[in-house]
Amino acid sequence: FSRLSLLMTLANCVAIAVDTELATTSAFRWAQSGVREDETEAQRAFAAVQLLFLVWLFFEILVHLVGTRSAFFLGEDRQWNFVDCLILCATVWTTSATKVNGSFARAIRMARVSRAFRAVHFVQYFESLQRMVVSMSSVVVSLFWTACLFFITFYIVGI
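Residues numbered from 1 in each chain as written. Predicted model: local features only at pLDDT ≥ 70, side-chain atom pairs only at ≥ 80, totals over all residues. Heavy atoms only, no water.

In this section: the overall build of the protein. When you go through the protein residue by residue, the secondary structure sums to six helices and zero strands. Start at the N end of the protein and walk to the C end: the helices and strands fall as α-α-α-α-α-α. Residue burial in the protein is summarised as follows: out of 159 residues, 19% are buried. If you take every contact in the protein between residues at least 6 apart in sequence, the share linking residues at least 24 apart comes to 68%. (Helix = DSSP H or I, 4+ residues; strand = E, 2+ residues; numbered from the N terminus. Buried < 20%, exposed > 50% of the residue type's maximum accessible area, 1.4 Å probe, protein only. Contact = heavy atoms within 4.5 Å.)

Structure below.
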């Protein structure tokens, strides 16, 4: 179930990116021509897809709540559960609202995309990916000191 949730979260991020691109293109055309377009077929399709993702998120939270009971609120993943519930409430509100401030809608979209950061939690299920993440994180310190050495060298040569 957790791998399916990860897959759905990543698919939701892709759908949000495509939807945002369509909305941005439409707004750009409106700004250039001064004529507001009607909602395109693609935008209506992505609205339906987002509704499906909303139903999936509700189902995911409900299954997780029923499966973990009090650990949902008190367990080690309680922060993620709280974020998921906030995203669900905000998405339901923006989906049901007829007129939403554009900047607020963008903030809600960013919050929904932030669900992709839950993928970090799923790294533990993929051993090779986990090894890569650990290797990359151990290299960061060496990379920082290498950058410092380059900076000092360039500074000395520059003087």
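Still to come is the rest of the account.
Leaving glycine out, the prevailing phi sign among residues is negative, and the prevailing peptide bond configuration is trans. With a phi angle near 50 degrees, R69 is a residue other than glycine that sits in the positive phi range. Mapped onto the fold, R69 is located in the loop between α2 (41-68) and α3 (71-74). We classify R69 as exposed; its relative accessible area is 64%.

What follows deals with the nonpolar core. Grouped together as the largest cluster of nonpolar side chains are six residues: L54, L57, I61, F72, I87 and L88. Those elements that provide at least two residues to this core are α2 and α4 (78-96). Top contributing element to this core by residue count: α2, with three residues. Aside from chain neighbours lying at most four places away, what touches I61 is F72, D84, C85 and L88. (Core = buried A, V, L, I, M, F, W, Y, C linked by side-chain atoms within 4.5 Å.)

The next thing to look at is the packing of aromatic side chains. Per the stated rule, a full pass over the model turns up five aromatic pairs. Each ring, one from W56 and one from F59, has its centre 5.6 Å from the other, and the planes form 50 degrees; the classification is tilted. Taken as a pair, W56 and F59 lie in helix α2 at a separation of three residues, close to a single helical turn. (Phe/Tyr/Trp six-rings, centres within 6.5 Å; stacked < 30°, edge-to-face > 60°.)

What follows covers helix α6 (residues 127-158). In a regular helix each residue adds 1.5 Å, so 32 residues correspond to 46 Å; α6 covers 46 Å between its end C-alpha atoms and thus fits that length. Its maximal kink placed at V140, α6 deviates by approximately 30 degrees. (Expected span 1.5 Å × (residues − 1). Bend = angle between axes of the 7 residues up to and from the residue.)

Take the environment of T95 next. In this fold, T95 is placed in helix α4. For T95 and A47, which are 48 residues apart along the polypeptide, the C-alpha to C-alpha distance reads 9.0 Å. If near-sequence neighbours (up to four positions away) are discounted, T95 is found in contact with L51 and L54.

On to a nonpolar patch on the surface, then. A surface patch of nonpolar side chains, about 460 Å² in accessible area, is lined by F1, L4, L7, F59 and V63. Secondary structure elements with two or more residues in the nonpolar patch: α1 (2-33) and α2. Considering the arrangement of structural elements, one finds L4 in helix α1. Classification of L4 by relative accessible area gives partly exposed; the value is 41%. (Patch = residues over 30% accessible without salt bridge, like charges linked within 9 Å, V, L, I, M, F, W, Y side chains within 5 Å. Areas by Shrake-Rupley, 256 points an atom, 1.4 Å probe, with all protein chains shown as cover. Salt bridge = Lys/Arg side-chain N within 4 Å of Asp/Glu carboxyl O.)

At their nearest, the axes of α1 and α2 sit 10 Å apart, and the two run at 150 degrees to each other. As far as their axial angle goes, α2 and α1 are roughly antiparallel. As α1 runs across α2, the sense of the crossing is left-handed. Contacts from L4, S5, M8, A11, N12, A15, I16, V18, D19, L22, A23 and S26 in α1 reach A42, Q43, F46, V49, Q50, F53, W56 and E60 in α2. Grouping the constituent residues of the contact of α1 with α2 by class yields 13 nonpolar, five polar and two charged. (Axes fitted to C-alpha atoms, helices over the stretch in contact; angles between N-to-C directions. Parallel < 35°, antiparallel > 145°, perpendicular 65-115°, else oblique. Left-handed = near helix turned anticlockwise from the far one by under 90°. Nonpolar A, V, L, I, M, F, W, Y, C, P; charged D, E, K, R; others polar.)

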